[in-house]
Every structure is written in structure tokens, then in C-alpha cells.
Amino acid sequence: MRILVVDDEEIQRVTIQDDLRDMGYDVTALAAPLPSLELLRKEKYDVVLTDLKMPGMNGIEFLKEIKKIDENIEVLIMTAYATVKTAVDAIRCGAYDYLTKPFELDELLQILAHLGKLKKLTRENIQLRRQLEERRSFGNIIGKSAVMQKVFEQLEVVSPTDTTVLITGETGAGKEIVAETIHYNSHRSTGPLIKVNCAILSRDILESELFGHTKGSFTGAQNDKKGRFELAAKGTIYLDDVDDIPLDLQVKLLRVLQEKEIERVGDAKTIPVDVRVIASTKNDLYTLSKKGTFRSDLYYRLNVFPINLPPLRERKEDIPLLLEHFLKSFNQDKVPVIDGQTLSILLDLPWEGNVRELKNLAERLSVNCRCNPIVPECLPVEMLEEHNQHYFPLKTKELGSSLPEKMERFEKELLKEAITATAGNREKAAKILGIPVSTLKSKLKKHKFYE
């Protein structure tokens, strides 16, 4: 990693340069911003470590000029005048982090180590773009993680066959996309892909939808109707939430899988069907079969070739690739980039809504955020608050109806700003607020902040 140190204090500048070189970093040190900008236009650097107060140009102005040259350069601000406002201004303008002078070498090394991991991730993403194009031959399924490589291998094996597939995974993990991918990479791709959400239909409607009915078979059946299995002839039927099919209808589904034939509601005549079955569920069918709420014989018929989609929290290395893909789909003209701090926040989220949640975020950013690069404050407030890893400026909103209420709310917001601006470092936060650490701890306890 190449680092440029910019500080008009010679002792500080030389000391940092020597310490970082001793740790194996490639370091250049200059005394002023203007010659540093000239150097950055000619040579490639990964990180700039700059003082805030310098003659000719302050650290914030310098930061803005650096980002104009190369938005991928990460900037660390050093200052002996740390306040919540300076921290907020620095992060808002694109700084990765800031250090309060005097600081320990270990503190700087920890930040650089984290930056190194992010830089490595970025390089890997660039290297994988060519491979990504090949992977898109499996529809829009994207991923470089080991678990997704296994899924890709399974898709390569099963797609050309007629084998029944059971896809499992949490809501939003992409089960429907996998079903589409299997169909469109099979010899049945020119035939229909019929989708049925088994969870949203009542028992009677589901039976008619799946198997069809004859005229007069029930009230309202004014004509013969083909079911989804007949409509899927020469193609594929996808049964989502298959565990929601009632037990008595599971018998009829089992017959389709065994005999390749159906009977319409109100008709004893059998109709042969040539269709491939793909089913999916967010639940454990094996456990349900042991409990008696799902037929065990049907489970084994469906589970011929199981594919499990991992939740996004178990393949977070795929998040940058997925987010780039979604942003590109919503921004055809100019795709915004994600700065390092924002990416760091995204990698730490639990993603309970999985890939669907990430796609929704990309659409929301495309509509609401005009920043490029996308900085942390572009993310939804609720997302930032949940993980306490963002800059949270005081708002000019109503803080309460009485003076004591306003002061309580103001104090809580100020504490939150200090804690988030210092990434949870209580010593730093107390220093910024001008109070002892013990006082800060008591106030955090009072307002129910926890580590």
C-alpha cells in the first residue's frame, strides 16, 4: 500500500514516515498540499494522511481536491482541534477516518490494516469482472464467494437435465431467480415457465389452478379450464412455498411426479403431462415431514436435487458485486461508486431481507441520492442508526415540547454524534465533548447506549 503523508510540522511528518516505513509501507512525506496534489496527478497512491491545519490550504479543501483527482484514494485527517463538527465535515466530504493528535501508532496501523482489506476487496472485484460476465450466463445470479461457486457448479450439472429440483433458502435469497436460471439453461427453455405461489391461494383455488377443472365441477366453474401443469407442457412449472400445499393436495402432486399425469377437478380422466418440476421453500421440509405436516414421500420426490441458497450475511464478499450490478440496472447513464466508509457499513449489516433487500437499497439510492461517490449519509437513516456506524448530524427538528425535554433530546443526539464520529471510542468521544470519560459513561448509561 502506497501512503502519502502531508504535514507542515516536520517532526510529526518525519516520525510518521519512519514509523510506517518500519512497518513495511511505501511512504512519501511532503510539507504542503499544493506539491502533494501535483504528485498525486503523476503517481498512484492508495492513502493520503493529511493534517487539518496547514498554510495555503486546509485539510478539508485538500481532501476535496484529492477526490477530484482520484475518488478511490482514501484520506485520513489528522487534527489537534478535534470537534464533532470537524469530524462530521471530514466524513461528509469523503474522508475515511480522522485521528486526534497526539495519537498512538497502533491506532493508525489498525485503520491502515482495515483499509488494506478494503483495497484488496476492491482489487479482487476488478479482477473478477471478466469472470462475472461468464457467470451472468446463469441469468442474474452473481457471486464470487465459495458458497455461490458451489451453487454455480450445481446449476451447471442440473440445468440440462429433467431432474426435479428443490431450492431452499430464506425469503429474498433469490430462489425464483435460480428457478428461472435452471429453466432458461435447459432444453425446455423454448417452452413455458409457469410460476405458482402456493402460499397465496386457498385450498380450492390452488387445486383448480394446479390441475384445472371441468365445467360444472363446482359453483362458478362455467367452462373447462386447463391447470398450470397442462399450461407448462414441454416446459417447467415452478412451485414456490411448496410447503403451503395442503396435505390432501400433496397426494395429487405426488402422483404427478410419479406417474406424469393429472386429473382435473370434477373429472376422473387422466391427462399425461410432460413438465419439469422445480419447487422452493424457506422452511425445512425434512423437519416438517417428521412432524407430519408435510408428506415424507413427497419430500423425497421433490428433494431429488437439492440446492440451498445461502443468506447474504454468509456471503458478504458478494455484496460489492451485487450492488454494482443493481446500481447499473437502475442507472444506465452513469453508475455511482460506493466509497470505502459506505462499503464498510454495508458489509456489517445483517441483511435479513437478503439479496432482495440489497436490490431495494440500490433502487432507493438511485432515486434519492445524487451523490457520486455514495457516502454514508446517503444510506437510510434507520440502517445507520441500527449499526451505530454513521455520522448523525443534529437536526433542526422539534426536540420536545418543554425545555427539559429539549435538553434531554439534545444531549442524547450530541452523545450519538460523538460516539459515531469516533467509531465508538469513548476516550476520543469524551475528549471531543470536553468531559471526563467517567461522565461520558454515566451519560451513555442514562440514555441506554450499550456496547
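Everything numeric here is computed off the predicted structure, so don't read it as measured data.

So, how was this worked out
- Residues numbered from 1 in each chain as written.
- Predicted model: local features only at pLDDT ≥ 70, side-chain atom pairs only at ≥ 80, totals over all residues.
- Heavy atoms only, no water.
- Pairing = 2+ DSSP bridges.
- Helix = DSSP H or I, 4+ residues; strand = E, 2+ residues; numbered from the N terminus.
- Axes fitted to C-alpha atoms, helices over the stretch in contact; angles between N-to-C directions.
- Contact = heavy atoms within 4.5 Å.
- Phe/Tyr/Trp six-rings, centres within 6.5 Å; stacked < 30°, edge-to-face > 60°.
- Buried < 20%, exposed > 50% of the residue type's maximum accessible area, 1.4 Å probe, protein only.
- Lys NZ or Arg CZ within 6 Å of the ring centre and 35° of its normal.
- Expected span 1.5 Å × (residues − 1).
- Arc of directions from axis to C-beta.
- pLDDT = per-residue confidence, 0-100.
- Core = buried A, V, L, I, M, F, W, Y, C linked by side-chain atoms within 4.5 Å.
- Parallel < 35°, antiparallel > 145°, perpendicular 65-115°, else oblique.
- Left-handed = near helix turned anticlockwise from the far one by under 90°.
- Nonpolar A, V, L, I, M, F, W, Y, C, P; charged D, E, K, R; others polar.
- Lys, Arg positive; Asp, Glu negative; His and termini not counted.
- Salt bridge = Lys/Arg side-chain N within 4 Å of Asp/Glu carboxyl O.
- Polar contact = N/O pair within 3.5 Å; in protein donor to acceptor, adjacent residues only side chain to side chain.
- Right-handed = clockwise from strand over helix to strand, strands pointing away.

**What about the sheet that holds strand β8 (residues 235-240)?**
Part 1: Overall, parallel pairing links the 5 strands, which are arranged β7-β8-β11-β6-β12 in an open sheet. Among the strands making up the open sheet, the edge pair consists of β7 (193-197) and β12 (305-308). Within this sheet the neighbouring strands show an average axis-to-axis angle of 20 degrees, counted without direction.
Part 2: Both strand β6 (residues 165-168) and β12 contribute to a ladder of 4 bridges, which runs parallel. Its bridge partner being in β12, Leu166 is matched across the sheet by Pro306.
Part 3: Taken strand by strand, helix α8 (residues 175-184) contacts β6, β7, β8, β11 (275-281) and β12, and its axis lies near 170 degrees from that of β8.

**What about the packing of aromatic side chains?**
The way to describe two aromatic rings as a pair is by their centre distance and the angle between their planes.
Part 1: Applying the stated rule across the entire model yields 3 aromatic pairs.
Part 2: Between Phe211 and Phe229, the aromatic rings sit 5.8 Å apart at their centres with planes inclined by 5 degrees, giving stacked as the arrangement. Here Phe229 lies in helix α10 (residues 228-231) and Phe211 lies in helix α9 (residues 203-211), a separation of 18 residues in the sequence. Across the pair, exposure class does not vary: Phe211 and Phe229 are buried alike.
Part 3: Through successive ring pairs, a cluster of aromatic residues spans Tyr286, Tyr299 and Tyr300.
Part 4: Positioned above the aromatic ring of Tyr45 is the side chain of Arg2, whose terminal nitrogen or guanidinium carbon lies 4.2 Å from the ring centre.

**Considerations on helix α11 (residues 247-259)**
Part 1: Between its first and last C-alpha, α11 extends 19 Å over 13 residues, near the 18 Å set by a 1.5 Å rise per residue.
Part 2: Within α11 the residues assigned to the buried category are Leu249, Gln250, Leu253, Leu254, Val256 and Leu257. Taken end-on, α11 shows its buried residues confined to a sector of 155 degrees, consistent with a single buried face.
Part 3: At the exit of α11 stands Lys260, carrying a positive phi of roughly 60 degrees.

**Section: the confidence of the model for the protein chain**
Part 1: Chain-level pLDDT for the protein chain is 86 on average; 90% of the residues reach the 70-or-more range.
Part 2: The lowest-confidence element of the protein chain is helix α6 (residues 129-135), averaging 49 in pLDDT; the highest-confidence one is β6, averaging 98.
Part 3: Here residues 132-137 is a poorly scored stretch, pLDDT under 50, and it has 11 contacts once near neighbours within four places are set aside; other chains count.
Part 4: Scored below 50 in pLDDT, residues 389-400 makes 34 contacts in the model with residues more than four places away or belonging to other chains.

**A short note on the nonpolar core**
In summary, soluble globular proteins display a tendency toward joint burial of nonpolar side chains.
Part 1: Leu20, Leu76, Leu108, Leu112 and Leu358 are the most contacted members of the largest nonpolar core, which has 46 residues in total.
Part 2: A total of 7 residues in this core trace back to one element, the largest contributor, which is helix α5 (residues 105-127).
Part 3: Apart from residues no more than four positions distant in its own chain, Leu20 is found in contact with Ile3, Tyr25, Val27, Leu105, Leu108, Leu109 and Leu112.

**As for the packing of helix α2 (residues 33-42) against helix α3 (residues 59-69)**
Part 1: Contact geometry for α2 and α3: axes closest at 10 Å, N-to-C directions at 10 degrees. By the criterion of interaxial angle, the relationship of α2 to α3 is roughly parallel. α2 and α3 meet at a crossing whose hand is right-handed. Each of Pro33, Ser36, Leu37, Leu40 and Arg41 in α2 lies in contact with α3, whose residues at this interface are Phe62, Glu65, Ile66 and Ile69.
Part 2: Within the contact of α2 with α3, the residues separate by chemical class into 6 nonpolar, 1 polar and 2 charged.

**Points about the side chain of Asp240**
Part 1: Locating Asp240 in the fold gives a position in strand β8.
Part 2: Despite its burial, Asp240 remains without a salt bridge, the nearest opposite charge being carried by Lys175 at 5.4 Å.
Part 3: Engagement of the side chain of Asp240 in a polar contact is seen with the side chain of Ser280, the distance being 2.7 Å.

**Some thoughts on the sheet that holds strand β1 (residues 2-6)**
Pairing between the strands of a sheet is mediated by backbone hydrogen bonds and can be parallel or antiparallel.
Part 1: The parallel open sheet is built from 5 strands, whose spatial order is β2-β1-β3-β4-β5. In the strand order of this sheet, the two ends are held by β2 (26-30) and β5 (97-100), each with one partner. Averaged over all adjacent pairs, the angle separating strand axes in this sheet is 20 degrees, with direction ignored.

**Let's talk about the environment of Val157**
Part 1: One can find Val157 in helix α7 (residues 146-158).
Part 2: Val157 gets classed as exposed once you look at its relative accessible area, which sits at 55%.
Part 3: Between the C-alpha atoms of Val157 and Ile182, which are 25 residues apart in sequence, the distance is 10.0 Å.

**Brief notes about the pattern of salt bridges**
Part 1: A full pass over the atoms with the stated rule returns 27 salt bridges.
Part 2: Taking the shortest distance from any N to any O, the salt bridge between Arg2 and Glu43 comes out at 3.1 Å. Of this pair, Arg2 sits in strand β1 while Glu43 sits in the loop between α2 and β3 (47-51), placing them 41 residues apart in sequence.
Part 3: Judged by relative accessible area, which is 25%, Arg2 ranks as partly exposed.
Part 4: Residue classification places Glu43 among the partly exposed positions, given a relative accessible area of 34%.
Part 5: Two residues, Lys282 and Asp241, come together in a salt bridge whose shortest N-O distance is 3.3 Å. On the criterion of sequence distance, the pair formed by Lys282 in the loop between β11 and α12 (285-291) and Asp241 in the loop between β8 and α11 is long-range, its members being 41 residues apart.
Part 6: For Lys282, a relative accessible area of 41% gives the class partly exposed.

**A word on the pairing of β3**
Part 1: Across the 5 residues that make up β3, a large majority, 5, are buried.
Part 2: The side-chain alternation of β3 yields two buried faces, one formed by Val47, Leu49 and Asp51 and the other by Val48 and Thr50.
Part 3: Two elements, β1 and β3, share 4 bridges in a ladder whose sense is parallel. Bridge pairing in β3 links Val6 to Thr50.
Part 4: Sheet analysis places β3 next to strand β4 (residues 74-79), joined by 5 bridges and oriented parallel. From the neighbouring strand, Asp51 faces β4, where its bridge partner is Met78.
Part 5: Regarding topology, α3 serves as the crossover connection from β3 to the parallel β4, and that connection is right-handed.

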